[in-house]
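# Geometric and topological summary
Spelled out, the chains give:
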Amino acid sequence: MGTEEGNEQVLASRKHLVFAYYVTGHGFGHATRVVEVVRHLIYAGHDVHVVTGAPDFVFTTEIQSPKLFLRKLVLDCGAVQADALTVDRLASLEKYSETAVVPRASILATEVEWLNSIKADLVVSDVVPVACRAAADAGIRSVCVTNFSWDFIYAEYVMAAGHHHRTTVWQIAEDYSHCEFLIRLPGYCPMPAFRDVMDVPLVVRRLHKSRKELIDDSKEEQRVIWKLKSNDGTLKLTKYNHYVSLISWILQNGPTKRDNEVRKELGIGDDVKVVILNFGGQPGGWNLKEDCLPSGWLCLVCGASDDQNLPSNFIKLAKAAYTPDLIAASDCMLGYEALAYKLPFVFVRRDYFNEEPFLRNMLEYYQGGVEMIRRDLLTGRWKPYLERAISLKPCYEGGINGGEVAARILQDTAVGKNYTADKLSGARRLRDAIVLGYQLQRVPGRDICIPDWYANAENEFGLRTGSPTAEMTETRSHIMSYTEDFDILHGDLQGLSDTMTFLKSLAELDAVYDSGKNKEKHWIRERMAAAGIFNWEEEIFVARAPGRLDVVGGIADYSGSLVLQMPIREACHVAVQTNHPSKHKLWKHTQARQNAKRQGPTPVLQIVSYGSELSNRGPTFDMDLTDFMDGGQPISFQKAKEYFARDPSQRWAAYVAGAILVLMTELGMRFENSISMLVSSAVPEGKGVSSSASVEVASMSAIAAAHGSYDNMKSFELGGHFHSKIEGLDISPRELALLCQKVENHIVGAPCGVMDQMASACGEANKLLAMICQPAEVIGLVDIPNHIRFWGIDSGIRHRYAALYFKMLPDSILGEAFLDQYSDHSDPVTIIDKKRTYGVRAAARHPIYETFRVKAFKALLTSAASDEQLTALGELLYQCHYSYSACGLGSDGTDRLVQLVQQMQHKKKSNTEDGTLYGAKITGGGSGGTVCVIGRNCLRSSQQILEIQQRYKGATGYMPFLFEGSSPGAGKFGYLRIRRRHPPNFN
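Residues numbered from 1 in each chain as written. Predicted model: local features only at pLDDT ≥ 70, side-chain atom pairs only at ≥ 80, totals over all residues. Heavy atoms only, no water.

## With respect to the overall build of the protein
Here is the rule: For helices the rule is a DSSP run of H or I covering at least 4 residues; for strands it is a run of E covering at least 2, with both sets numbered from the N terminus onward. Here the term buried applies to any residue with accessible area under 20% of the maximum for its type, exposed to any over 50%, and partly exposed to those in between, with areas from a 1.4 Å probe on protein chains only. Here, Shrake-Rupley sampling with a 1.4 Å probe gives the accessible areas, and only protein chains in the shown set may cover a residue.
Scanning the protein from N- to C-terminus turns up 32 helices and 38 strands. For the protein, the residues scored as buried account for 59% of the 987 residues in total. Entry remark: accessible area of the protein is about 38,300 Å², with carbon and sulfur atoms responsible for 49%.

Next up, the structure:
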């Protein structure tokens, strides 16, 4: 039994079914893809009740049937956008609370009654959380159809908006946990709230046959030169919703149709290039200019404001324009509402759109996209991007019948077919869902439902994606394969496998460059960018700086407490090369900018940062170094801070490029040559192990090495150990750390202490760096006894920031009252919020007692090895942990890990064998991040750490990253000066 519609054959069920289809209020994109699924359900003979806030015409222009019922209601709000490129995270959470949390009880009661009244056979959600719970309460099965879920999107927002919103995310995930299974669309994000998934092809829309007026007729002066035939034979243009899928017609008809028949119907000559500009709203500061486009180009503008005047080569479209018909006549598109298509695409990175990295990866896999930096979008420098885009040959050949496939699955489910196995508990899936959202950023070691192309990205960069529990060992032949590519003119690899891997990745850039010419092969864009900035006949300087594990002391560093820090094995590598501006290799848009200035070659900084796909930031950054000068003097740190803050997707560059300005300002350096930099960090972000400090220290070390005196190295003594410094620049590791702190404090704008930079610059492998951070004073290096070992266990929660005198302190104090009484405090980079109430007693108690704990810990490390020694060291860590909690700096995840260590400590494997772990504490600034564990250096301890890892995963769904082992700080590593032995020929 079937129903035919054109060339389509849709199988129908023998039973008449009723579907309730809930659509999110996040724009019209979800509604337009729902249309395609609903269309197939109705053609199969079923009734579909659509719950949506979208206008009726979104559905009725494609479905004219009495079996379609529209109910106007919004039960979630999606993401609230500050502009077309930025999400307002706090507003999004507040709006969702207003829409779905506060009235939750009445929503559930109303929806259960309504579902029963229409006798729904199945509830479908794209992707409204409460719909799943309402279905469960009504005793009806439910299925979600989506490529992302709101628990995943909102979880990262919580870290910026405040943890008091966390319950909202938990509630969303719990709602999803009532869903039978997920019909997962391409370009999907990790969605562990759904245990069972079924993948379907792309859901795309068909081209309409009837036509209505397309061009906005409110502007009579516009010249309309395109025409389409409608059913009655007149020549008109379409006027429909512009939020529809931007890929449907192209995927169904291909480039040949676009280039021939449709262009003739539209009356566009072959010599006219057409680009569609579609952002669903335009960014602030928008200023379209005629010279944005190359000569002979025309731009069709969707979503322009009514009062906006456009240049003659820009055409304003009606707000309800149907974009697939426009795509048929276009050569490329500039915007973002698309997944995969055979039309070249220019896109701009958006802030806090957490699903974007996954969609972008899919786009690039099919070689159909060019990224434009936001600065060039807003200033009208479009030409090089458009010209690059039309040279692409998108290679998508996948299925486009996702709507039909999804409809069949829904129909089968509604009649009782079981697509799923026995479900895990809702609580289990709830835990899985929440944890993943908190650690979307670049975190190796995660194994929860991540697509292969996503997990493999770090493998291709030579970084580990599994937990680093193995020792750093390499065979001699493996080592030789790395060093055969370069002559090491200065420095020592020191047996560091990650440095060998980094050198190998440098050597392989020429292969990446060549493979980029073969459009059939997948290539990583960061590497393509890196391949284009180095001159392989010239020297390259490599520096390395590790992250750090806060063993004890932690946040008390702000109060001048003694702290003990261990540099971890994970590190950041930075490669730097300098060249005369006339010989420097430039990216095309950088060259175009220089040509526009007509000043000849000037010094340029070009940076490539690996791993951008996993942290939602731009992969490249470039600037004229003259931008750092004003009237012959370096610009102020404040101006630099504003400079880097202009484009949030490239704000990361302040950590790297800021080192140049600090060297100019503090040491009087001047940079007359161009600089190329490659940054590759294996230090996980947001885990409390100083990822930013490692980038700053490695960057400044490499820059200093490339501009110093390489032949004269001196040493100085630090606590009985020798460190090198570059004589030409006279920078010791301590001074390097202080300079890097200026980068973070004044250019990045983060009010951090110097502890992280000191540990990264001054630390040594398998030693604890003892220091007092106010002022920055290194006490010395403390050997870790052979029988003791430290581990770091990542909680998966992103890092955020007596008696006599005690009675004199208030419990808390308002910021304004503090300033009135004391004027200021001793920290020049921390701002006191007048309206905030600050805890006083617990915060004052912590550094006082922490100083004692750190001194006792340091002394105990040198005492005789015994079980009592380890027990005392562990007790000090436990005390430190509970002191953090008393200050309000604890977290559920880190508390759980500490409890697991305590349980393991007292667990006996046999009657004669006790546990070998002795203590644990939260680290760094607290409120999440990593836990430091102390234990006996033995196999049993390693086994217990792995057991804790598995038990934490079992409880939360998150596989913790293990930090194990140590490595030298930047000062001990020094730098490498290398030259390629056999420079590749790219001609």
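## As for the sheet that holds strand E8 (residues 122–126)
This is how the line gets drawn: Pairing between two strands is assigned when DSSP locates at least 2 bridges connecting them. Between N-to-C directions, angles span 0 to 180 degrees; the directions come from axes that are lines fitted to C-alpha atoms, helices contributing only their stretch in contact. Whether two residues touch is decided by their heavy atoms; if any such pair falls within 4.5 Å, the residues are in contact.
Strand order across the open sheet formed by seven strands is E5-E4-E3-E8-E9-E10-E11, with parallel pairing between neighbours. Edge positions in the open sheet fall to strand E5 (68–72) and strand E11 (197–199), since each of these has one partner strand only. If you compare each strand with its neighbour and ignore which way they point, the axes differ by 20° on average. Here strand E3 (residues 18–23) pairs with strand E4 (residues 47–52) via five bridges, running parallel. Bridge pairing in E4 links Tyr 21 to Val 50. Against the sheet, helix H4 (residues 104–117) contacts E3, E4, E5 and E8, and its axis sits at roughly 150° relative to E3.

## Side note on the confidence of the model for the protein
Predicted coordinates in regions of low pLDDT should not be interpreted in detail. Note the cut-off: Note: pLDDT gives the predictor's confidence per residue, expressed from 0 to 100.
Residue-level pLDDT values for the protein average 77, and 75% of them are 70 or greater. Every residue in residues 209–260 is under pLDDT 50, and counting partners more than four places away or in other chains gives 158 contacts. Note on residues 427–435: pLDDT under 50 across the span, and 28 contacts to partners over four residues away in sequence or across chains.

## A few points about the packing of helix H23 (residues 691–706) against helix H24 (residues 733–748)
Defined as follows: For classification purposes, an angle smaller than 35 degrees is called roughly parallel, one larger than 145 roughly antiparallel, one from 65 to 115 roughly perpendicular, and anything else oblique. Crossing handedness is defined as follows: a turn of the near helix away from the far one that is anticlockwise and smaller than a right angle gives a left-handed crossing, while the clockwise case is right-handed. Amino acid classes used here: Ala, Val, Leu, Ile, Met, Phe, Trp, Tyr, Cys and Pro are nonpolar; Asp, Glu, Lys and Arg are charged; the rest, including Gly, are polar.
Relative to each other, H23 and H24 sit at 120°, their axes nearing to 9 Å. When the axis of H23 is compared with that of H24, the two are oblique. The crossing of H23 and H24 is right-handed. Mapping the contact onto sequence places Ser 692, Ala 693, Glu 696, Val 697, Met 700 and Ser 701 in H23 and Leu 736, Leu 739, Cys 740, Val 743 and Glu 744 in H24. Per-class residue counts for the contact of H23 with H24 are seven nonpolar, two polar and two charged.

## Here's the deal with the pairing of strand E32 (residues 788–794)
Here E32 lies mainly inside the structure; seven of its seven residues are buried. Where burial is concerned, the two faces of E32 agree: the one with Ile 788, Phe 790, Gly 792 and Asp 794 and the one with Arg 789, Trp 791 and Ile 793 are both buried. In terms of strand pairing, E32 meets strand E36 (residues 930–936) through seven bridges, oriented antiparallel. Directly across from Arg 789, in E36, lies its bridge partner Gly 935. Alignment of E32 against strand E37 (residues 962–964), held across three bridges, turns out to be antiparallel. Along E37, the bridge assignment pairs Gly 792 with Phe 963.

## A few points about the pattern of salt bridges
Inclusion rule: Salt bridge, as used here, is a side-chain nitrogen of Lys or Arg placed within 4 Å of a carboxyl oxygen of Asp or Glu.
Across all of its chains, the model carries 26 salt bridges by this definition. For the salt bridge of Asp 137 with Arg 133, the shortest nitrogen-to-oxygen distance reads 3.1 Å. Placement of the pair is Asp 137 and Arg 133 together in helix H5 (residues 129–138), with a separation of four residues, close to one helical turn. As a salt-bridge pair, Glu 850 and Arg 853 come within 2.8 Å of each other at their nearest N and O atoms. Placement of the pair is Glu 850 and Arg 853 together in helix H28 (residues 841–861), with a separation of three residues, close to one helical turn.

## Describing H5
For H5, the buried fraction is high: seven of the ten residues fall into the buried class. Taken residue by residue, H5 has Pro 129, Val 130, Ala 131, Cys 132, Ala 134, Ala 135 and Ala 138 as its buried positions. Backbone geometry just after H5 places Gly 139 at a positive phi near 75°.

## Section: unusual backbone geometry
Across the chain, the bulk of peptide bonds are trans and the bulk of non-glycine residues have phi less than zero. Looking along the chain, the bond that leaves Asp 126 and enters Val 127 is cis, with omega of -20°. With respect to the secondary-structure elements, Val 127 resides in the loop between E8 and H5.

## Focus: the packing of aromatic side chains
The test is simple: Between rings of Phe, Tyr and Trp, where Trp is taken as its six-membered ring, a pair exists when centres lie within 6.5 Å; planes separated by under 30 degrees are stacked, by over 60 edge-to-face, and by other angles tilted. Two thresholds decide whether a charge sits over a ring: the Lys NZ or Arg CZ must be within 6 Å of the ring centre and within 35 degrees of the ring normal.
Applying the stated criterion to the full structure yields 15 aromatic pairs. Ring geometry for Tyr 96 against Tyr 154: centres 5.5 Å apart, planes inclined by 65°, an arrangement best described as edge-to-face. Separated by 58 residues along the polypeptide, Tyr 96 in helix H3 (residues 89–101) and Tyr 154 in helix H6 (residues 150–161) bring together distant segments of the chain. The exposure class assigned to Tyr 96 is buried, which follows from its relative accessible area of 3%. Taking the relative accessible area as the measure of exposure, Tyr 154 reaches 0% and is therefore buried. Between the aromatic rings of Phe 148 and Trp 150, the centroid separation amounts to 5.1 Å while the plane-to-plane angle is 85°, which identifies the pairing as edge-to-face. Side by side, Phe 148 and Trp 150 carry an identical accessibility label, which is buried. Taken together, Tyr 96, Phe 148, Trp 150, Tyr 154 and Tyr 157 form an aromatic cluster joined through their ring pairs. One cation-aromatic arrangement involves Arg 980 over Phe 486; the distance from NZ or CZ to the ring centre is 5.7 Å. One cation-aromatic arrangement involves Arg 980 over Trp 536; the distance from NZ or CZ to the ring centre is 5.4 Å.

## Some details on the sheet that holds E37
Strand order across the open sheet formed by four strands is E35-E36-E32-E37, with antiparallel pairing between neighbours. The sheet terminates laterally at strand E35 (917–922) and E37, the two strands that pair on one side only. Strand after strand, the sheet turns through a mean of 20° between neighbouring axes, direction not considered. Examined bridge by bridge, E35 and E36 share five bridges and lie antiparallel to one another. Its bridge partner lying in E36, Ile 922 is registered against Val 931. Docked against the sheet, helix H29 (residues 867–886) engages E32, E35 and E36, running at close to 20° with respect to E35. Strands in contact with helix H30 (residues 892–905) are E32, E35 and E36; relative to E35, the strand with the most contacts, it is inclined by about 170°.

## Looking at the nonpolar core
Here is the rule: To qualify as a nonpolar core, a set must consist of buried Ala, Val, Leu, Ile, Met, Phe, Trp, Tyr and Cys residues joined through side-chain atoms within 4.5 Å.
Counting 65 residues, the largest nonpolar core has Phe 628 and Phe 644 as its most contacted members. The greatest single-element share of this core, amounting to ten residues, is contributed by helix H22 (residues 653–667).

## Observations regarding the environment of Asp 892
Examined against the element boundaries, Asp 892 turns out to sit in helix H30. You can call Asp 892 exposed: its relative accessible area is 58%. As for Asp 892 and Gly 928, which are separated by 36 residues in sequence, their C-alpha atoms are 7.9 Å apart.

## Let's talk about H3
Structural remark: α-helix, 3.6 residues per turn; residues separated by three or four positions point the same way. Counted only if it meets this: Think of the arc as the fan of directions from the helix axis to the C-beta atoms. Two N or O atoms count as a polar contact when they lie within 3.5 Å, although within protein this holds only if one can serve as hydrogen donor and the other as acceptor, and sequence-adjacent residues are included solely when both atoms are side-chain atoms.
All of the buried residues in H3 are Arg 89, Ser 92, Leu 93, Tyr 96, Thr 99 and Ala 100. Looking straight down H3, one finds that the buried residues subtend no more than 135° of arc, so they occupy a single side. You can read the cap of H3 off the contacts: a side-chain oxygen lies 3.4 Å from the backbone nitrogen of Leu 90, and it is on Asp 88.

## Brief notes about the packing of helix H21 (residues 637–645) against H22
Closest axis-to-axis distance for the H21/H22 pair is 11 Å, and the angle between their directions is 160°. Comparing the axis directions of H21 and H22 gives the class roughly antiparallel. Regarding H21 and H22, the two cross each other, and that crossing is right-handed. The segment H21 lies against H22, with Phe 637, Ala 640 and Phe 644 engaging Ala 653, Ala 654, Ala 657, Gly 658, Leu 661, Val 662, Thr 665 and Glu 666. For the contact of H21 with H22, the class distribution of residues is eight nonpolar, two polar and one charged.

## Notes on the side chain of Ser 883
Within the element layout of this structure, Ser 883 appears in helix H29. With a relative accessible area of 13%, Ser 883 lands in the buried category. In this structure Ser 883 touches His 846 and Arg 853, once residues within four positions along its chain are discounted.

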